[in-house]
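Each chain, letter by letter, is given below.
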There are 2 protein chains.
Amino acid sequence: MYSIPELQQILDKAVTSYQYPNQPQELYEPVSYLLGLGGKRLRPALLLMAVDAFGGNVLQATKPALAIEFFHNFTLMHDDIMDKAPLRRGKPTVHAKWNDAVAILSGDIMLIDAYKLISQVEASILPQVLSLFNTTAQEVCEGQQFDMNFEKEASVSIANYLNMIRLKTAVLLGGALKTGALIAHASTSNQNLIYNFGVNLGIAFQLQDDILDVYGDPEKFGKQIGGDIISNKKTFLLIKALELAKGSDQNLLISLLENKSIKAESKVEQVTNLYDKLSIKNIAEEAMLDFANRAIESLNAIAIPEDKKSVLKDFATQLIQREH
Amino acid sequence: MYSIPELQQILDKAVTSYQYPNQPQELYEPVSYLLGLGGKRLRPALLLMAVDAFGGNVLQATKPALAIEFFHNFTLMHDDIMDKAPLRRGKPTVHAKWNDAVAILSGDIMLIDAYKLISQVEASILPQVLSLFNTTAQEVCEGQQFDMNFEKEASVSIANYLNMIRLKTAVLLGGALKTGALIAHASTSNQNLIYNFGVNLGIAFQLQDDILDVYGDPEKFGKQIGGDIISNKKTFLLIKALELAKGSDQNLLISLLENKSIKAESKVEQVTNLYDKLSIKNIAEEAMLDFANRAIESLNAIAIPEDKKSVLKDFATQLIQREH
């Protein structure tokens, strides 16, 4: 079995040695720039982990794994334009470094490159792999649209929020894993179980993100604590607090959200105090663990020897216990 | 054999009856809006013409034909953002009617929809169809990038211009026809011949566009005559004039291009006079006819009965003799 760092190394090498056409360089330079900013290559690593777990050839699966990485970076490049984000992994985003037109067209070519890469699986599984890739890609775009809609909506339900993060974040983890299962000719039942493992893990991952944004250790988190509170982002925590707060708590929460002149530090402190009063951290952790447990249940049900699942199980544990 | 109007009717019906998901409507409404603006459906009609010419089942090929139409409209939606175009087919562009974020994400979903549609060809030809689709999509993006680059470049050669319009416009015509040939199980030789027919026809088509923009009949053209001249667009005509003009003609042409206070009407008149003096119209028509003849030669070489080629031949003739 390959360890996660070994898989990340294989993927970093595959990204670095990917051959772009020479011309037009204005199109391909931003692609190479964004992919070169690094990142943990978690999504393509999941594909390779699944290939490995089901006894496939990991080194022959780097192209479909790269397809997942290209797709993920395509969504980052376009989402950053839509979100007007200045930074990505601490460096200027593509639209900030070049301009919107460059980021649109280079994003388009990354999506097409992703399709070129995924198309290189063997012909016998191409229809299934492609159909999964299409569905996943569509769902990720739908998730992004729901996320943008939520910014403008007065109230969002927990169910709609969970559906949004399932689409925007979780299905790509499930899709990467199931693609690996398809490549390794896993049974249909095992394909579906590993998909469910990935989707539930992805939802747990995002909920953990929401929690860390408020309750993370500032030394380890790497981002400003309370960023979501400052920007009124409708996370699980805020949606739950809006649902539970009554009377004076409700009034205070709404006034904090509407107050545009309040200092960031004071807003974070007061909202966090309200969260504490309403036990929001516990509720969010319970929800997170619920999805994590569902993921583990699916993993347990996969009909392969336990030692083949060890890397996936370690990965899941790390993702949920992480502090950044 | 189906006539072109019959094919257009089949395609209009297929576009109208295409089922979008209900949610999120912000994502799918702009797709339906843009596709609903009409257009001649020429590119998907070419796919169906090729299916028909090679004895395939036209009515079973509407999904891959729609894939071509979705892909083409994806490029329109994103190009219109990059070009800051306010109108498309006389109506507000998607980014103008909604905003850039909507046009980016709805364009993305159209490209993914195109892949969903093209993926539905029979499995035996899927690898070839998909590979052609990927290559064509990549080339169209490269063409758009070259086109944007040319705006900023002081001088563009005729060879580079022809390569740009081949990529941006012509390969999609060739790709649509070759996809139809693949669906109808045409021979490799016939596939390549119809591809070359389409590419050369596409270049002729774009050159005819360049000519009509200056020399079209204002009553029939439907757009403002001289629009390319007003915007200093590097068309075949302008590039050729810059190449041929010497002495005082050269100075006049450059001063007209650099003069920002000149009235549009006067600029169009003076540049057109220079074009006339340099016989630019004849040179452009010769180039256009050269590509049209190459297209017809490829069509003639296709090993099927002549009567099967009649619709394609009529189509080519109409495209070249058109006045709008």
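Residues numbered from 1 in each chain as written. Chains lettered and ligands numbered in written order. Predicted model: local features only at pLDDT ≥ 70, side-chain atom pairs only at ≥ 80, totals over all residues. Heavy atoms only, no water.

Examining the overall build of chain A
Next up, step 1: Regarding its fold elements, chain A presents 16 helices and 2 strands.
Next up, step 2: A globule of 324 residues ought to have a C-alpha radius of gyration of about 20 Å, and chain A, at 20 Å, matches this closely.
Next up, step 3: Oriented by its inertia axes, the alpha-carbon framework of chain A measures out at about 65 × 50 × 35 Å.
Next up, step 4: Within chain A, the fraction of its 324 residues that count as buried is 59%. (Helix = DSSP H or I, 4+ residues; strand = E, 2+ residues; numbered from the N terminus. Rg over C-alpha atoms; globule rule 2.2 N^0.38 Å. Buried < 20%, exposed > 50% of the residue type's maximum accessible area, 1.4 Å probe, protein only.)

Digging into the packing of aromatic side chains
Aromatic ring pairs are described here by two measures, namely the spacing of the ring centres and the angle between the planes.
Residue and element names in this part refer to chain A.
Next up, step 1: Counted according to the given criterion, the structure contains 17 aromatic pairs over all chains.
Next up, step 2: Measuring from ring centre to ring centre gives 6.5 Å for F146 and F150, while their planes differ by 35°; the resulting arrangement is tilted. Remark: F150 and F146 occur in helix 7 (residues 126-152); sequence separation between them is 4 residues, near one turn of the helix.
Next up, step 3: Here F146 falls in the buried class, since its relative accessible area comes to 14%.
Next up, step 4: By relative accessible area, F150 is classed as buried at 6%. (Phe/Tyr/Trp six-rings, centres within 6.5 Å; stacked < 30°, edge-to-face > 60°.)

A word on the interface of chain B and chain A
Next up, step 1: Contacts between chain B and chain A engage 35 residues on the former and 35 residues on the latter.
Next up, step 2: Interface of chain B and chain A: buried area, both sides summed, is about 3,300 Å²; carbon and sulfur atoms make up 72% of it.
Next up, step 3: In this assembly, chain B and chain A are joined by 0 salt bridges.
Next up, step 4: In this assembly, chain B and chain A are joined by 12 residue pairs in polar contact (both at pLDDT 80 or more).
Next up, step 5: For the side of chain B that touches chain A, the secondary-structure elements that each account for two or more residues are helix 2 (25-36), helix 4 (62-82), helix 6 (100-118) and helix 7 (126-152) of chain B.
Next up, step 6: No other element matches helix 7 of chain B, which puts 13 residues into the side of chain B that touches chain A.
Next up, step 7: Tallied by class, residues from the side of chain B that touches chain A come to 22 nonpolar, 8 polar and 5 charged. (Contact = heavy atoms within 4.5 Å. Buried area = accessible area lost by both parts, 1.4 Å probe. Salt bridge = Lys/Arg side-chain N within 4 Å of Asp/Glu carboxyl O. Polar contact = N/O pair within 3.5 Å; in protein donor to acceptor, adjacent residues only side chain to side chain. Nonpolar A, V, L, I, M, F, W, Y, C, P; charged D, E, K, R; others polar.)

Focus on the side chain of T235 of chain B
Residue and element names in this part refer to chain B.
Next up, step 1: Topologically, T235 is positioned in the loop between helix 11 (227-230) and helix 12 (236-244).
Next up, step 2: Look at T235 and you get buried, because its relative accessible area is 4%.
Next up, step 3: Not counting residues up to four positions away in its chain, the partners in contact with T235 are Y161, D210 and D228.

Examining the relation of the copies chain B and chain A
Next up, step 1: Expressed as a screw transformation, the operator carrying chain B onto chain A has a rotation angle of 180° and an axial translation of 0.0 Å, and the superposed copies differ by an RMSD of 0.1 Å. The relationship between the two copies is best expressed as a two-fold rotation axis.
Next up, step 2: Residue by residue, 100% of the interface of chain B is reproduced at the interface of chain A, so both copies engage with the same surface. (Least-squares fit on C-alpha atoms with pLDDT ≥ 70 in both.)

Concerning the environment of L117 of chain B
Residue and element names in this part refer to chain B.
Next up, step 1: You can see L117 is positioned in helix 6.
Next up, step 2: We classify L117 as buried; its relative accessible area is 3%.
Next up, step 3: With 31 residues separating them in the primary sequence, L117 and M148 have C-alpha atoms 29 Å apart.
Next up, step 4: Among residues more than four places away in sequence, those in contact with L117 are Y18, K63, P64, L66, A67 and F70.

Observations concerning the side chain of T169 of chain B
Next up, step 1: With respect to the element layout, T169 of chain B can be found in helix 8 (residues 158-183).
Next up, step 2: Beyond its immediate stretch of four places on either side in the chain, T169 of chain B contacts G202, F205 and Q206 of chain B.

As for the packing of helix 3 (residues 42-53) of chain B against helix 16 (residues 310-321) of chain B
All names here are of chain B.
Next up, step 1: Their axes nearest at 10 Å, the elements helix 3 and helix 16 cross at an angle of 150°. Taken as axis vectors, helix 3 and helix 16 run roughly antiparallel relative to one another. Together, L42, L46, M49 and A53 of helix 3 and V311, L312, F315 and L319 of helix 16 make up the contact between the two elements.
Next up, step 2: Residues belonging to the contact of helix 3 with helix 16 are distributed by class as follows: 8 nonpolar, no polar and no charged. (Axes fitted to C-alpha atoms, helices over the stretch in contact; angles between N-to-C directions. Parallel < 35°, antiparallel > 145°, perpendicular 65-115°, else oblique.)

Some remarks on helix 2 (residues 25-36) of chain A
Residues and elements named next belong to chain A.
Next up, step 1: The terminal C-alpha atoms of helix 2 lie 16 Å apart, and with 12 residues this matches the ideal 16 Å at 1.5 Å per residue to within 8%.
Next up, step 2: If you check which residues of helix 2 are buried, you get L27, Y28, P30, V31, Y33, L34 and L35.
Next up, step 3: In the segment just after helix 2, G38 is the residue with positive phi, at about 95°. (Expected span 1.5 Å × (residues − 1).)

So, the state of the cysteines
Next up, step 1: Summed over the entire model, instances satisfying the criterion amount to 0 disulfides over all chains.
Next up, step 2: Between C141 of chain A, a cysteine without a disulfide, and C141 of chain B, which holds the nearest cysteine sulfur, the sulfur-to-sulfur distance is 15 Å. (Disulfide = S-S within 2.5 Å.)

Here's the deal with the nonpolar core
Next up, step 1: Among the nonpolar cores identified, the biggest contains 252 residues, and F70 and L207 of chain A together with F70 and L207 of chain B are the most heavily contacted of them.
Next up, step 2: Ignoring anything within four residues of it in the chain, the contact list for L207 of chain A reads Y161, L162, I165, F236, A287, M288 and F291 of chain A. (Core = buried A, V, L, I, M, F, W, Y, C linked by side-chain atoms within 4.5 Å.)

Details of the packing of helix 7 of chain B against helix 8 of chain B
Residue and element names in this part refer to chain B.
Next up, step 1: Where helix 7 meets helix 8, the axes come as close as 8 Å, and the angle between the chain directions of the two elements is 160°. Here helix 8 runs roughly antiparallel to helix 7, going by the angle between their axes. For the element pair helix 7 and helix 8, the recorded crossing hand is left-handed.
Next up, step 2: Considered class by class, the residues forming the contact of helix 7 with helix 8 number 11 nonpolar, 8 polar and 6 charged. (Left-handed = near helix turned anticlockwise from the far one by under 90°.)

A look at unusual backbone geometry
All names here are of chain A.
Next up, step 1: The linkage connecting Q23 with the following residue, P24, adopts the cis geometry, with an omega of -15°.
Next up, step 2: Mapped onto the elements, P24 comes out in the loop between helix 1 (4-16) and helix 2.
Next up, step 3: You will see that K84, though not glycine, has its phi angle at about 50°, which is positive.
Next up, step 4: Secondary-structure assignment places K84 in the loop between helix 4 (62-82) and strand 1 (87-88).

Overview of the environment of L66 of chain A
Residues and elements named next belong to chain A.
Next up, step 1: Inspection of the secondary structure assignment puts L66 in helix 4.
Next up, step 2: Placed 147 residues apart in sequence, L66 and D213 show a C-alpha to C-alpha distance of 29 Å.
Next up, step 3: Setting aside anything within four residues of it in sequence, one finds L66 in contact with A14, V15, Y18 and L117.

Some details on helix 13 (residues 247-258) of chain A
Next up, step 1: Taking 1.5 Å per residue, 12 residues should reach 16 Å; helix 13 of chain A reaches 17 Å between its end C-alpha atoms and fits that length.
Next up, step 2: Buried positions along helix 13 of chain A lie against helix 12 (236-244) and helix 14 (264-277) of chain A.

What about the pattern of salt bridges?
Next up, step 1: Inspection of the entire model under this criterion finds 18 salt bridges over all chains.
Next up, step 2: In this structure, D290 of chain A engages R294 of chain A in a salt bridge whose closest nitrogen and oxygen atoms are separated by 3.0 Å. Residue D290 of chain A and its partner R294 of chain A are both found in helix 15 (residues 280-301); the two are separated by 4 residues, about one turn of the helix.
Next up, step 3: One salt bridge connects K277 of chain B with D249 of chain B, and the closest N-O pair in it is separated by 2.9 Å.

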